[in-house]
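If you want the building blocks of each chain, they are given just below.
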Amino acid sequence: RPRRRARPHPQVKELRNMHPRPQPSRAMSAKIRNFRRYRLQTRLNTPTGLNLGDLPAYQGGRPGLKQPSSYVGQVFHFMRGEEQVAKITLTAGVNLYIIEPAADDAEALASEEYRRVKEEAEFMPKYQRETGAPWLAYYKREKPILNMWPAEFL
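Reading the values: the criteria
- Residues numbered from 1 in each chain as written.
- Predicted model: local features only at pLDDT ≥ 70, side-chain atom pairs only at ≥ 80, totals over all residues.
- Heavy atoms only, no water.
- Core = buried A, V, L, I, M, F, W, Y, C linked by side-chain atoms within 4.5 Å.
- Buried < 20%, exposed > 50% of the residue type's maximum accessible area, 1.4 Å probe, protein only.
- Helix = DSSP H or I, 4+ residues; strand = E, 2+ residues; numbered from the N terminus.
- Expected span 1.5 Å × (residues − 1).
- Contact = heavy atoms within 4.5 Å.
- Pairing = 2+ DSSP bridges.

(A) Layout of the nonpolar core. Core analysis: the biggest nonpolar cluster contains 14 residues, and Ile32, Leu40, Phe78, Ile88, Leu90, Tyr97 and Ile99 have the highest contact counts within it. Of all elements in the fold, only β7 (75-80), β8 (83-89) and β9 (96-99) reach the threshold of two or more residues within this core. By residue number, the principal contributor to this core is β8, which donates 3 residues.

Dropping the structure here:
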């Protein structure tokens, strides 16, 4: 026997387009690497906007790192005092942003870590084209392993 569809209450009217179509998400995650030898204040939207704290300096062969969760179109200003060192606008499909070393910083420009980050910047768009998803994990990570233990230890 066929099921009867429930009828709405006679005084309740459903409006067409009552449920708007979902919009694509603008949410994104970004990786920001600082190769300058000084800390940078992170400001939101304008150079005098909300202070989001410091982006650590490049030291010991390691760049400063910040990984904010944000949205497409968000603007970050990286300041050293009153000087704006870099401005980044988050763009769909771009998840790695590099604050380049100073032009006269030969050590940072020649470092293995700088070369690796530039290699990662080339890898990320290829990965996104091939899979349709951004690469957010640690670049060149080892393959995952699952250790198997004998059952008598359980």
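More follows now that the structure is in view.
(B) Spatial organisation of helix α2 (residues 112-131). Counted at 1.5 Å a residue, the expected span for α2 with its 20 residues is 28 Å, and the 28 Å between its end C-alpha atoms agrees. Within α2, the full set of buried residues consists of Glu113, Tyr114, Arg116, Val117, Glu120 and Met124. On the buried face of α2, the contacting elements are β2 (31-34), β9 and α1 (106-110). With its phi angle positive at about 80 degrees, Gly132 sits one or two positions after the end of α2.

(C) Molecular detail of the pairing of β2. In β2, alternate side chains face the same way, and those of Lys31 and Arg33 on one face and Ile32 and Asn34 on the other are all buried. Bridging between β2 and β9 involves 4 bridges; their strand directions are parallel. Bridged to Ile32 within β9 is Tyr97.

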